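Coordinates in review
Listed here are the chains, written in short residue letters.
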Amino acid sequence: MRKMKDSGIAWIGEIPEGWETKRLKFICTINPMVNIDDINPETEVSFLPMENIKYGYFVNTIIKNFSEYCSSYNIFNDGDILLAKVTPCFENGNIAIANNLKNCIGFGTSEIFVVRVNNIDNKFLFYYFRNELFRQRAIATMSGTGGLKRISPQFMRDENVLFPPLPEQHRIASYLNAKCAEIDRNMELVRQSMDKLKAYRMSVITEAVTKGLDPDVPMQDSGVPWIGEIPDGWECLRLKFTLTQSLQYGANAAGSAYEENLPRYIRITDIDENGNLKSDNKQSLQTDEAADYLLEDGDVLLARSGATVGKSFLYKKEYGLAAFAGYLIRAKFNSNILLYRYFYHITQSYSYFEWKNYIFVQATIQNIGADKYSNFQLPLPPLAEQHRIASYLDAKCAEIDAIIAQKQALLDKLAAYKKSLIFECVTGKREVAA
């Protein structure tokens, strides 16, 4: 077991003998100055948007002339560490080491720190920036308003960094490169497995809601391109003819801090990618403002714009008293025509997504208002068959979802292991043998 010593810094505590603590400004340069007059305006360079900085690597750099970026963006070179300084990009892990830049020159948003190392392994410092000790201190010192909190350059310059002698830095960086790559490969295999399960789930739903459960039933042309053939005895009906009232937009009001005695305020952001209601960041709506928007068992909410357009949510009474916000549209169904459980499954089908894509082709922005939803054509079997299909899909989807949940738990476990591994190695808690 290695010998330890007091670092002299309360929040760091003991460190291995031979390790040091220094302020960042003594081991690297934050946002180094560059004499742009030395660069030919016609020189091709790489441009990197913030969203293309992904957990240690770049995606889709844009190649343009230096003259287009020289006055407005941060400049960096191969080997520099790029670290997001603004929320939520910092928390999301937008950090990478610049490499393979066109002519070794890159440009990016002013919302990144460019960190150029001096006599320290840039890969070791890259991993140090990813450890929880650093991340938590950085987050705690963020300042700003309007959802744009930032880490200050002063924090970056004055932050004490813990690091070993250079040969040990190289060993730790090489070890973490190999181990993290192995973990990442395993995580990617899990994600691919989850994607296949989700695709299978959607295909099962699509088959059931467009072809029924009897493979031998005679078929007929539905007349709708995104539905195709449907069983004899089925029809295609526009959504508006299955409702007890017109589709309704949600409340145009600001939510307040969540209180159990007030209706929960369901916003587009409260619904996850699987159509489930999130349990964090809840808000409430005052009773008088919520009165016209209170949800009832079996109501289906449809997202009308933004990245989540078309997403659906089935409200159940066990969720408790709730109202819905303006970027959502409520559908209330005539149970003598259409079962809400059957309709909700339709919104999880390939046919529904093909219809969405058809709508987007016709529009300049991705938006589906009540008028378009009202005219959505859906395959409609007799009520008894709707019951059978909905019950079959409830059970089948629950079975698939349980397997997906197991995969997600494994993914979370791998992510937690990777995080703890980085922390232990760059803070001296785990010794990396020579």
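Parameters at a glance
Residues numbered from 1 in each chain as written. Predicted model: local features only at pLDDT ≥ 70, side-chain atom pairs only at ≥ 80, totals over all residues. Heavy atoms only, no water. Helix = DSSP H or I, 4+ residues; strand = E, 2+ residues; numbered from the N terminus. Buried < 20%, exposed > 50% of the residue type's maximum accessible area, 1.4 Å probe, protein only. Contact = heavy atoms within 4.5 Å. Areas by Shrake-Rupley, 256 points an atom, 1.4 Å probe, with all protein chains shown as cover. Lys, Arg positive; Asp, Glu negative; His and termini not counted. Charge placed at Lys NZ, Arg CZ, Asp CG, Glu CD. Pairing = 2+ DSSP bridges. Salt bridge = Lys/Arg side-chain N within 4 Å of Asp/Glu carboxyl O. Axes fitted to C-alpha atoms, helices over the stretch in contact; angles between N-to-C directions. Parallel < 35°, antiparallel > 145°, perpendicular 65-115°, else oblique. Nonpolar A, V, L, I, M, F, W, Y, C, P; charged D, E, K, R; others polar. 1 Å grid on protein atoms, 1.4 Å probe; cavity = no way out; pocket = protein on both sides within 12 Å on 5 of 7 lines; lining within 4 Å. Points joined across faces, edges and corners; volume = space filled by probe spheres on them. Core = buried A, V, L, I, M, F, W, Y, C linked by side-chain atoms within 4.5 Å. Expected span 1.5 Å × (residues − 1). Left-handed = near helix turned anticlockwise from the far one by under 90°.

Moving on to the overall build of the protein chain. The number of helices and strands found in the protein chain is ten helices and 26 strands. Taking the principal axes of its C-alpha atoms as reference, the protein chain extends roughly 80 × 55 × 50 Å. The burial tally for the protein chain puts 46% of its 434 residues in the buried class. Put simply, 73% of the contacts in the protein chain that link residues at least 6 apart link residues at least 24 apart. Accessible area of the protein chain: about 21800 Å², with a carbon and sulfur share of 49%. Charge centroids of the protein chain, computed over 49 positive and 52 negative side chains, lie 4 Å from each other.

Strand order in this open sheet of four strands is β18-β25-β22-β23, and the pairing throughout is antiparallel. Each end of this open sheet is capped by a strand with a single partner; those strands are β18 (248–249) and β23 (312–314). When β18 meets strand β25 (residues 328–331), the two strands line up antiparallel, connected through two bridges. Counterpart to Q248 in the pairing with β25 is R330.

A complete count under the given rule lists 21 salt bridges for this structure. R150 is the partner of E111 in a salt bridge, and the nearest nitrogen-oxygen pair spans 2.6 Å. A residue pair is termed long-range when its members are at least 10 positions apart, and E111 in the loop between β12 (105–108) and β13 (112–117) and R150 in the loop between α3 (132–140) and α4 (153–158) qualify at 39 residues. Residue class for E111 comes out buried when judged on its relative accessible area of 17%.

Between two packed helices, both the angle of their axes relative to each other and the distance between the axes serve to describe the pair. As a packed pair, helix α5 (residues 166–211) and helix α10 (residues 383–426) sit with axes 10 Å apart at the nearest point and diverge in direction by 170°. In terms of orientation, α5 lies roughly antiparallel with respect to α10. Class assignment of the residues belonging to the contact of α5 with α10 gives a composition of 30 nonpolar, three polar and nine charged.

Where burial is concerned, the two faces of strand β10 (residues 81–84) agree: the one with I81 and L83 and the one with L82 and A84 are both buried. The sheet contact formed by β10 and β13 spans four bridges and is antiparallel. Bridge assignment links L82 to a residue of β13, and that residue is V114.

A separate point is unusual backbone geometry. That bond from T87 to P88 is cis: its omega, 0°, falls within 30 degrees of zero. Within the secondary structure layout, P88 lies in the loop between β10 and β11 (95–97). With phi around 55°, N119 is a residue other than glycine that occupies positive phi space. Residue N281 is not a glycine yet carries a positive backbone phi of 55°. The residue N281 is located in the loop between β20 (264–266) and β21 (283–284) in this model. Take N281: its relative accessible area is 64%, and that puts it in the exposed class.

For the largest pocket, the calculated volume is near 1100 Å³. For the largest pocket, the lining is made up of 41 residues, of which R201, N274, G275, Y344 and Q348 are closest to its centre. Of all elements in the fold, only α5, β23, α7 (340–346), α8 (350–362) and α10 reach the threshold of two or more residues within the lining of the largest pocket. No other element matches the eight residues that α10 contributes to the lining of the largest pocket. Of the residues contributing to the lining of the largest pocket, the split by class is 19 nonpolar, eleven polar and eleven charged.

Judged by nonpolar contacts, the single largest core of 49 residues is most densely connected at V115, L125, F129, F134, M156 and L176. Leave out the neighbours within four places in its chain, and V115 touches C28, T29, I30, D80, I81, L125, F129 and M156. L243, L302, I329 and F343 belong to the second largest nonpolar core, which has 39 residues in total.

To continue, consider the environment of Y373. Along the chain, Y373 falls in helix α9 (residues 370–374). A residue is classified by how much of its surface remains accessible, and Y373, at 1% relative accessible area, is buried. Residues Y373 and G310, spaced 63 residues apart in sequence, show a C-alpha to C-alpha distance of 9.2 Å. Among all residues touching Y373, those that are not within four sequence positions of it are L239, L247, L302, A303, G310, I329, Y352, W355 and I368.

On to α5. Compared with the 68 Å implied by 1.5 Å per residue over 46 residues, the 65 Å span of α5 between its first and last C-alpha is a close match. Downstream of α5 by one or two residues, G212 has phi in the positive range, about 80°.

Moving on: the packing of helix α2 (residues 122–130) against α10. It is the contact of α2 with α10, at a shortest axis distance of 9 Å, that shows an interaxial angle of 120°. Compared by their axis directions, α2 and α10 come out oblique. As for the relative orientation of α2 and α10, their crossing is left-handed in sense. Contacts between α2 and α10 pair F124, Y127, Y128 and R130 from the former with K418, I422 and V426 from the latter. For the contact of α2 with α10, the per-class residue count stands at five nonpolar, no polar and two charged.

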